[in-house]
Every structure is written in C-alpha cells, then in structure tokens.
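Survey of secondary and tertiary structure
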Amino acid sequence: MASSPEVTSLSDQVLRLPVQPSRGNFFETGFSKALFGKLRVDGNLYHRSVSNYADDDLLLNTGVSFPIAFARALSMAPK
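Structure report, in brief.

The next point concerns the pattern of salt bridges. For the coordinates displayed, the defined rule picks out one salt bridge. With its nearest N and O atoms 3.1 Å apart, the salt bridge here joins R40 to D42. According to the relative accessible area criterion, R40 is exposed, its value standing at 60%. On the accessibility criterion, D42 (45% relative accessible area) is partly exposed.

Now the structure itself:
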C-alpha cells in the first residue's frame, strides 16, 4: 500500500515513498558424469542477480512494516 497513489486519500500528511519493482535473473546449470560404471559425480551451480530487491522491514515483529529496496543483490551458491 505504501507505493500506491491511493494512500494519499487516507490523509494529506502522508509521506509516499514509492518502491520500484524488483527485476532479476536466475540461472542454474549442472552436470553428471559416470566413472568406471560404479561411481557418479554430480554438480550444479545456481546464480541469482536482482536489482531493486524489495524487502519489508518489520518493526519489532509487529504488523507495522517499512518497505525498502536494495539497489542490487547477488547470490551464487553451489548445490
């Protein structure tokens, strides 16, 4: 609701800070190789990059949240 223009209908003293939508790319690749007919080697890699990463920051675990966004986020993890 904080990014909605309708929030100004609640009060004219509302500070409206729009949060841009998140955009991201997700990639995953992997391989599997049999060795000597008895063993198998598996591996994969996961990569995620996000811009305008939205996060709702809760106030003391209550229902009051402050929508914020990170400019960039990057996650790379082998599985």
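Back to the text.
With respect to the secondary-structure elements, D42 resides in strand β2 (residues 39-58). C-alpha separation for the pair D42 and F31, spaced 11 residues apart in sequence, amounts to 5.7 Å. At 2.6 Å, the side chain of D42 forms a polar contact with the side chain of S32. Here R40 takes part through its side chain, which lies 3.1 Å from a polar atom of the side chain of D42.

Criteria and cut-off values
Residues numbered from 1 in each chain as written. Predicted model: local features only at pLDDT ≥ 70, side-chain atom pairs only at ≥ 80, totals over all residues. Heavy atoms only, no water. Salt bridge = Lys/Arg side-chain N within 4 Å of Asp/Glu carboxyl O. Buried < 20%, exposed > 50% of the residue type's maximum accessible area, 1.4 Å probe, protein only. Helix = DSSP H or I, 4+ residues; strand = E, 2+ residues; numbered from the N terminus. Polar contact = N/O pair within 3.5 Å; in protein donor to acceptor, adjacent residues only side chain to side chain.

Note that all results are geometric; they support no functional claim without further evidence.
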